[in-house]
Amino acid sequence: SAPTGKKTQDSAISSQASQKLAESSKLEDQINLQHLVELMRVFHEADENGSDGLDIEEFRAAFGQILGKGKNDQQMAILFMKIDTNCDGTVDWDEFCTYMLLEYQEKDVMAGEKLPPFPYPLRVLHSSHRETISRITFLPNLNRRSHDCTGKSHDSDGQDWREVDGRILSVCKDGTLCFWKSNLTLQRVVTLECSRPKLAWVTDMVVLANVNRLLLSFTENCLSLYDLSSSATFERQVTVVGFPHCIISMDYWFDPKDFDHAVLVLGDTGGGVCAMEFLSATTSLFGVQTSSKQVSNLRVPFVQLLHHNSEATRIAYMPRVHRDWVCGVQYWPSLPRCTG
């Protein structure tokens, strides 16, 4: 008899726990499809009797009959007030359905938010950066096997160039440049030369993938062009100096069907925007024959470029386009125009 008494006691405890759980959960969470069908009938009967809906007493009676006796009157009163949005003292079928629909939608949203934000577990990446990161960008490996001397790029099937994997580049303001593999493994660290260490900071960086070059802007109101195919020191090929304000944002585009055609857009701290169009990018940039291996650390004044447009380079500078710093610029080849 002892085991039987213990089973009865366990059953009673389980029943009490289930009852407490049901009482603690919201009343609307206990409504199933069968309850909705019966509640719809009650609301329709009220309409046929000429009433505009159920008042709070009728609401309590209907829910007590359908959901079972012993439901918490306070919970019913709270549910009634939630549904009675127009506060006319009655609840009709449309108000009830609207409320239940919103409840289910909220549950769906909350269920979706519980999904992990990333498909893979997060991991900590250790880098050599000790200063603020100025830019993170992507350097694609372009298939240039059939790239001819005219700058046109076609593969053996007659298709235009295509990206084949690539590397991620990150640079911080002190000139430390990190190369990462596509799986975010640190591959290489290079310290770029600054003309005046500790005084010149890197403000932005763009990749000139069509010519395998890297362009950085500095707080000295200058731009520096680096050859990515050169030695590990990454000596500067060209430095454009004398900009009226500090360049803090850049965007670069090149024609996928003609590597010679490219556009560089710059934004500065004076609210100005500068657009440079290169028509022979594979051989000449900023008025310099960059295809020559003898070119090293040449200085080109910006005023010279601005007032002596050539067949290979066209430049337009629009001062004070904005009243404050131009924090971002972008070139739209389909328009074609640039925005800042």
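The rules behind the values
Here the residue numbering is sequential within each chain, running from 1 through the sequence in written order. Local features are withheld for residues below a pLDDT of 70 in this predicted model, meaning they are given only at 70 or higher, and side-chain atom pairs are given and counted only at 80 or more; totals for whole chains, interfaces and linings count all residues. Remark: hydrogens and water are excluded; side-chain values derive from all non-hydrogen atoms of the structure. Angular values range over 0 to 180 degrees, each being the angle between N-to-C directions of two axes fitted as lines to C-alpha atoms, with helices fitted over their stretch in contact. Helix numbering and strand numbering both begin at the N terminus, where a helix is a DSSP run of H or I of at least 4 residues and a strand a DSSP run of E of at least 2. Each crossing is labelled by how the near helix is turned from the far one, with a counterclockwise turn of less than a right angle marking it left-handed and a clockwise turn marking it right-handed. Should any heavy atoms of two residues lie within 4.5 Å, those residues are considered in contact. Residue type decides the class: Asp, Glu, Lys and Arg count as charged, Ala, Val, Leu, Ile, Met, Phe, Trp, Tyr, Cys and Pro as nonpolar, and the leftover types, Gly among them, as polar. A residue's pLDDT is the confidence the predictor assigns to it, expressed on a 0 to 100 scale. In this text, buried Ala, Val, Leu, Ile, Met, Phe, Trp, Tyr and Cys residues form a nonpolar core when linked through side-chain atoms within 4.5 Å. Burial here depends on accessible area, computed with a 1.4 Å probe over protein chains only, as a share of the maximum for the residue type. Under 20% is buried, over 50% is exposed, and the range in between is partly exposed. The pairing criterion for strands is at least two bridges between them, as found by DSSP. By definition, a salt bridge exists where a carboxyl oxygen of Asp or Glu is found within 4 Å of a side-chain nitrogen of Lys or Arg.

Topic: the packing of helix α2 (residues 33–48) against helix α3 (residues 56–67)
A pair of packed helices can be characterised by two numbers: the angle between their axes and the separation between those axes.
And then number 1: Following both chains from N to C, one finds α2 and α3 inclined at 145°, their axes separated by 10 Å at the closest point. Crossing of α2 against α3: the hand is right-handed. Residues His35, Glu38, Leu39 and Val42 of α2 lie in contact with α3, whose contacting residues are Ala62, Phe63, Ile66 and Leu67.
And then number 2: Across the contact of α2 with α3, the residue classes break down as six nonpolar, one polar and one charged.

Quick word on the confidence of the model for the protein
Low-confidence regions, as indicated by low pLDDT, have predicted coordinates that should not be scrutinised in detail.
And then number 1: Of all residues in the protein, 77% have pLDDT values of 70 or greater, and the mean over the chain is 80.
And then number 2: With pLDDT under 50 throughout, residues 17–24 is counted as low confidence; its partners more than four residues away or in other chains account for three contacts.
And then number 3: In this model, residues 145–151 is a region of pLDDT below 50 whose contacts with residues beyond four sequence positions or in other chains number 12 contacts.

Overview of the nonpolar core
And then number 1: Ranked by internal contacts, the top residues of the largest apolar core, which has 50 residues, are Leu264, Met276 and Phe286.
And then number 2: The element that contributes the greatest number of residues to this core is strand β5 (residues 202–208), accounting for five residues.
And then number 3: Residues Phe43, Ala62, Ile66 and Phe96 belong to the second largest nonpolar core, which totals 20 residues.

Description of the pairing of strand β8 (residues 236–241)
And then number 1: Here β8 lies mainly inside the structure; six of its six residues are buried.
And then number 2: Relative to β8, strand β7 (residues 222–227) runs antiparallel, the two sharing four bridges. Within β8, the residue paired with Leu225 across the bridge is Val238.
And then number 3: Two strands pair when backbone bridges link them, and β8 and strand β12 (residues 298–301) are joined in this way by four bridges, in the parallel orientation. The residue bridging Val241 from the neighbouring strand is Pro301, located in β12.

Considerations on the pattern of salt bridges
Any two side chains of opposite charge can pair, given that their charged atoms come close.
And then number 1: Summed over all chains, the structure comprises six salt bridges.
And then number 2: Across the pair Arg41 and Glu45 runs a salt bridge whose closest N-O atoms are separated by 3.2 Å. Taken together, the residues Arg41 and Glu45, both in helix α2 and four residues apart, mark about one turn of the helix.
And then number 3: Here Glu45 falls in the partly exposed class, since its relative accessible area comes to 38%.
And then number 4: Linking Glu57 and Arg60 is a salt bridge whose minimum nitrogen-to-oxygen distance equals 3.6 Å. With a gap of three residues between them, Glu57 and Arg60 both fall in helix α3, about one helical turn apart.

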